[in-house]
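Remarks on the overall topology
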Amino acid sequence: MTDIVIRSARTADVAAIQQLLEPLVDRRILLGKEPVALYEAVQEFVVAELDGEVIGCGALHVIWRDIGEVRTLLVRDDRLHQGIGGRIVEVLEARAIELGLARLFCLTFEVSFFRRHGFAPIGEHVVDADVYTQLLRSPDAGMAEFLDLAHVKPNTLGNTRMLKHL
């Protein structure tokens, strides 16, 4: 796997990220993202590239002073189980540490994968009441999922909320 490069995403990668995402949206594994949302968040993404082709991606979204979220982590089906997702998570964790984050959150069906990478299932209360009140003001749908708000329950059915201490 030494030929695979994990690098920061560029705007030119958005179409490839969208193509990777579409089959998982069709299978109801991930929620779809409009191209504009991907362009707005491109600086959060890293991509896995092999021979000039994007074969995987993941994003780190800062939630609060000490916590971030691993989002949109995916690898092309024909490249699964080759350690690429794990390498993407490692790069995102390094970025999180650089930013001063102490914890990483994810919402996932892939519980065993994230367990292998140090995440553990969590309950409802991940932040104190004052921070919770501040986070409620966010318009971000992912924040509502993090907070386990009732209006996003249909989007999160079957998913597990997980956390890792860095």
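Scope of this entry: the structure provided in the associated data block.

**Here we look at the packing of aromatic side chains**
Under the criterion given, the structure shown has two aromatic pairs. Between Phe114 and Phe119 the ring centres are 5.1 Å apart and the planes differ by 80°, which places this aromatic pair in the edge-to-face class. Summarising the burial analysis for this pair, Phe114 and Phe119 share the class buried. Among the aromatic residues, those joined into a cluster by ring pairs are Phe113, Phe114 and Phe119.

**What about the pairing of strand S3 (residues 53-64)?**
Within a regular strand, side chains alternate between the sheet's two faces. Among the 12 residues in S3, nine count as buried, and that is most of the element. If you look at the hairpin formed by strand S2 (residues 45-50) and S3, you'll find two residues sitting between the two strands, and Asp51 has a positive phi there, around 50°. Here S3 pairs with strand S4 (residues 67-75) via seven bridges, running antiparallel. The partner of His61 across the bridge, within S4, is Glu69. Taken together, S3 and the strand that follows it, S4, pair antiparallel across an intervening segment of two residues.

**So, the pairing of strand S7 (residues 160-165)**
One ladder, built from six bridges, connects strand S5 (residues 103-108) with S7; its direction is antiparallel. Residue pairing across strands places Arg103 opposite His165, the latter belonging to S7. As defined by bridge partners, strand S6 (residues 120-121) adjoins S7 across two bridges and the pair is classed as antiparallel. Counterpart to Pro121 in the pairing with S7 is Met162.

**Some details on helix H1 (residues 14-26)**
The terminal C-alpha atoms of H1, which comprises 13 residues, lie 18 Å apart, in line with the 18 Å expected from a rise of 1.5 Å per residue. Among the residues of H1, Val14, Ile17, Gln18, Leu20, Leu21 and Leu24 are the ones counted as buried. Against the buried residues of H1 lie helix H2 (35-40), S2, S3 and S4. Positioned one or two residues after H1, Arg28 has a phi angle of 60°, which is positive.

**With respect to unusual backbone geometry**
Positive phi, close to 60°, is recorded for Arg28, a residue that is not glycine. Checked against the element boundaries, Arg28 lands in the loop between H1 and H2. Phi is positive for His81, which is not a glycine, with a value near 65°. In this fold, His81 is placed in the loop between S4 and helix H3 (84-99).

Procedures and definitions
- Residues numbered from 1 in each chain as written.
- Predicted model: local features only at pLDDT ≥ 70, side-chain atom pairs only at ≥ 80, totals over all residues.
- Heavy atoms only, no water.
- Phe/Tyr/Trp six-rings, centres within 6.5 Å; stacked < 30°, edge-to-face > 60°.
- Buried < 20%, exposed > 50% of the residue type's maximum accessible area, 1.4 Å probe, protein only.
- Helix = DSSP H or I, 4+ residues; strand = E, 2+ residues; numbered from the N terminus.
- Pairing = 2+ DSSP bridges.
- Expected span 1.5 Å × (residues − 1).
- Contact = heavy atoms within 4.5 Å.

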